[in-house]
Amino acid sequence: MVPRDRVQELIGFLPGGVSIIMLFTLFITFAKIGLFTFGGGLAMISLIENICVKQKNWITHEEMMNVTVIAESTPGPIAINCATFVGYRKGGLPGAIAATFGMLLPSFVIIFAISRFLDNFLEITWIASAFKGIRLAVGILILDVGIKMVRKMKKKALPCVIMVVSFTVMMLINIFSWKFSSISMMLIAGAVGLAAYIVQGAPAGKGGEQK
């Protein structure tokens, strides 16, 4: 009888039942995203959704919406948090490590090479010109993410009010250069949503007790 460990080795699975091919796919997928996406986490969200939701069906649109909110509200870059979530869903802890490492590696290598071999990187004329064009593309990518999230958001009164008020406040902060942290904005919005949930859930609970 062939030992279990030998069978797992032959079919390409790790002891936890995770496919080695899946881990490699997660690593390569997020390495490509990390290598070819400029503009930070928000700019990567559109590409992550296109690949993980539309092309590979690793997660649903609803899950992508939820993980985006959670990743934005927790410590760490949003794109890395999203990669960790998707990797964990598909391959457990090894999948989370593979996806996260894939997302981190290209940026680390590029930044290390720039800091190691090139002085005054952005003072090079053709690189500075290229980055001016990249800034415009990054703005469009972030706008695309915002439009998609608004379109997929449940059209209820409270989320719409929070969205409009948050957008208005952030615009005023930018226009008048007010000192107000975006973290405070998220905490306030979260507190309002939690309070609304408690208030709306209280009558149902009382009704259930009366029955």
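Our subject is the structure listed above.
Residues numbered from 1 in each chain as written. Predicted model: local features only at pLDDT ≥ 70, side-chain atom pairs only at ≥ 80, totals over all residues. Heavy atoms only, no water.

**Student:** I tried to follow the overall build of the chain on my own but got confused; where do I start?
**Tutor:** Of regular secondary structure, the chain possesses 8 helices and 0 strands. Element order for the chain, N to C, with α for helix and β for strand: α-α-α-α-α-α-α-α. Relative to its full complement of 211 residues, the chain shows a buried share of 27%. Expressed as a percentage of contacts within the chain between residues at least 6 apart in sequence, the contacts between residues at least 24 apart total 55%. (Helix = DSSP H or I, 4+ residues; strand = E, 2+ residues; numbered from the N terminus. Buried < 20%, exposed > 50% of the residue type's maximum accessible area, 1.4 Å probe, protein only. Contact = heavy atoms within 4.5 Å.)

**Student:** Teacher, can you tell me more about the layout of surface pockets here?
**Tutor:** One way to see where empty space is left: roll a probe the size of a water molecule over the atoms. Put simply, the largest pocket is a space of about 2,200 Å³. Around the largest pocket, the lining is made up of 42 residues, and of these V69, M149, M153, M163 and S166 lie nearest the centre. Elements with a minimum of two residues in the lining of the largest pocket: α4 (61–73), α6 (125–152), α7 (157–176) and α8 (182–210). It is α8 that contributes the most residues to the lining of the largest pocket, 11 residues altogether. Residues of the lining of the largest pocket, tallied by class, amount to 27 nonpolar, 10 polar and 5 charged. (1 Å grid on protein atoms, 1.4 Å probe; cavity = no way out; pocket = protein on both sides within 12 Å on 5 of 7 lines; lining within 4 Å. Points joined across faces, edges and corners; volume = space filled by probe spheres on them. Nonpolar A, V, L, I, M, F, W, Y, C, P; charged D, E, K, R; others polar.)

**Student:** Got a minute to help me understand the side chain of T29 in this structure?
**Tutor:** With respect to the secondary-structure elements, T29 resides in helix α2 (residues 20–36). Owing to a relative accessible area of 7%, T29 belongs among the buried residues under this scheme. If we ignore the near neighbours within four places in the chain, the residues touching T29 are I51, K56 and W58.

**Student:** Honestly, the nonpolar core in this entry has me stumped. Any pointers?
**Tutor:** A general tendency of soluble globular proteins is for nonpolar side chains to be buried together. By size, the foremost hydrophobic cluster in this structure holds 22 residues, and its most contacted members are F30, I33, I48, C52, M64, C82 and M103. Counting residues per element, the ones that place at least two in this core are α2, α3 (41–55), α4 and α5 (78–117). Excluding residues that lie within four positions of it along the chain, C82 makes contacts with I45, I48, M64, V67, T68 and A71. (Core = buried A, V, L, I, M, F, W, Y, C linked by side-chain atoms within 4.5 Å.)

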